[in-house]
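Spelled out, the chains give:
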Amino acid sequence: VIADPDLPRKAQEGKLEEIRRCIGCNEGCVGTVYPMPLPLACTINPEAGKEKVYGIEPAGTKKTVMVIGGGAAGLETARAAALRGHKVSIYEKENVLAKELTIASKVPGREGFEDAIRYYSYQMTKLGVDVHLGITVTPELVMQLAPDAVVVATGAKPFIPEVDGAETGQVVETRQVLQDEVEVGQNVLVVDYQNHLYGIDVADFLLDRGKKVELLTESVYAGGMVDHHTNWVAYTRVHSKGIVMTPLTGIKQIKRKTVVAYDTLTDREKIIEGIDTVVIVTDARADDSLYRLLKGKVKELYSVGQCVSPRKLLDSIADGYRVGRSL
């Protein structure tokens, strides 16, 4: 009941759609136990562990609030602001809400992320938030609508680092793979610059499709920023499916089906041949261009989530809650 302390009452009353279900990410709960116990938190419930000091009070002055971006941070901002009593509208350039969560839910074992989408979609309807999809917001549109407060939650853009040969069609980015936007060959090299879970996740996804996968990481081991419990589960999954993991290794050059790799400690080169597709895993880059264009032109302007800087889902949702409850 960390995700929703009111779960028993809601279930008893038959209000199943209102239940905020655990998405199984282990961030803030199980993931904080080792190596050093940290204060309790929850990705989907930003009040967890702070209930006595971090609730939502009705706003003294009701405002019109425009949230730009329908990802997790924007949705949580809209939810919290609407609970305060503000008139909230949310604008999303895609034709769906929470596209990043949809992408993440395609990974084996991450299906629970779909429930976060369900929860937020229900909350938008319940709280009367005006949702506008398929609209790319411009400064001119903001000026025309003239809201009292604007919250920019435009997220981040994926990118591929500068590697000699990375401009070839065989080098792709994680989200392209998970969305089936690109054709992936049989022999795949996953190059993980992120050192969180995305590299292992995309490898797991490809292994389930019968691909032969080797994962390279410049770190001592893949997933070094992930808690040990989650990593143990993830490692068990991919090793049972035949993954090859090569730590302390980066790449220098990509020549068609040949990759020139190197040992990060000795700089000794290693040639990896027969690679059909190289999947690059990195943090995305903050997309703060709209925020910068609006700065100084809007009375109340805020930015939340990954458009501020790359961050985990837990931090993006906490960011949205913090701003939403302060409006």
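Residues numbered from 1 in each chain as written. Predicted model: local features only at pLDDT ≥ 70, side-chain atom pairs only at ≥ 80, totals over all residues. Heavy atoms only, no water.

Participant: How do you make sense of the overall build of the protein when you look at a structure like this?
Facilitator: Regarding its fold elements, the protein presents ten helices and 15 strands. For 327 residues, the compact-globule estimate of 2.2 N^0.38 gives 20 Å, and the protein sits close to it at 21 Å. The principal-axis extents of the C-alpha atoms in the protein amount to approximately 65 × 45 × 30 Å. In the protein, of all internal contacts separated by at least 6 residues, the share reaching a separation of at least 24 is 69%. Accessible surface, the protein as shown: approximately 15,800 Å² in total, 53% of it carbon and sulfur. Here the protein holds 40 positive side-chain charges and 44 negative ones, and the gap between their average locations is 4 Å. (Helix = DSSP H or I, 4+ residues; strand = E, 2+ residues; numbered from the N terminus. Rg over C-alpha atoms; globule rule 2.2 N^0.38 Å. Contact = heavy atoms within 4.5 Å. Areas by Shrake-Rupley, 256 points an atom, 1.4 Å probe, with all protein chains shown as cover. Lys, Arg positive; Asp, Glu negative; His and termini not counted. Charge placed at Lys NZ, Arg CZ, Asp CG, Glu CD.)

Participant: Any chance you could explain the environment of S309 here in plain terms?
Facilitator: Examined against the element boundaries, S309 turns out to sit in the loop between β15 (300–303) and α10 (313–326). Separated by 22 residues in the primary sequence, S309 and D287 have C-alpha atoms spaced 8.6 Å apart. A polar contact of 2.8 Å, which involves the side chain of S309, links it to the side chain of R311. (Polar contact = N/O pair within 3.5 Å; in protein donor to acceptor, adjacent residues only side chain to side chain.)

Participant: I keep staring at the sheet that holds strand β3 (residues 130–133) and nothing clicks. Help me out?
Facilitator: Working definition: the strands of a sheet are paired by backbone hydrogen bonds and lie parallel or antiparallel to each other. Ordered by their spatial adjacency, five strands build an open sheet running β3-β2-β1-β4-β15, and the pairing between neighbours is parallel. Edge strands, defined here as strands with exactly one partner in the open sheet, are β3 and β15. Going across the sheet, the axis of each strand differs from the next one's by a mean of 15°, ignoring polarity. Across four bridges, strand β2 (residues 87–92) lies against β3 in parallel orientation. Of the residues in β3, the one forming a bridge with I90 is V131. Against the sheet, helix α2 (residues 72–83) touches β1 (64–68), β2 and β4 (149–152), its axis set at about 170° to β2. (Pairing = 2+ DSSP bridges. Axes fitted to C-alpha atoms, helices over the stretch in contact; angles between N-to-C directions.)

Participant: I would appreciate a short explanation of α10 in the present structure.
Facilitator: Owing to its 3.6 residues per turn, the α-helix brings residues three or four apart onto one side. Its 14 residues place the ends of α10 20 Å apart at the C-alpha level, agreeing with the 20 Å of an ideal helix rising 1.5 Å per residue. Those residues of α10 lying buried are L314, S316, I317, D319, G320, Y321, V323 and G324. Of the surrounding elements, those touching the buried residues of α10 are α2, α4 (113–126), β4 and β15. (Expected span 1.5 Å × (residues − 1). Buried < 20%, exposed > 50% of the residue type's maximum accessible area, 1.4 Å probe, protein only.)

Participant: Whenever I open this one, the pattern of salt bridges confuses me. Can you help?
Facilitator: Pairs can form between side chains of opposite charge once their charged atoms are near each other. With the rule as written, the count across this model stands at 27 salt bridges. Residue K312 pairs with E27 through a salt bridge whose shortest N-O separation is 3.1 Å. Taken together, the positions of K312 in the loop between β15 and α10 and E27 in the loop between α1 (7–12) and β1 put the pair 285 residues apart, joining distant regions of the chain. Take K312: its relative accessible area is 35%, and that puts it in the partly exposed class. For E27, a relative accessible area of 16% translates into the label buried. Connected via shared salt-bridge partners are D6, R9, E13 and K15. (Salt bridge = Lys/Arg side-chain N within 4 Å of Asp/Glu carboxyl O.)

Any functional reading would require information that these geometric values do not contain.
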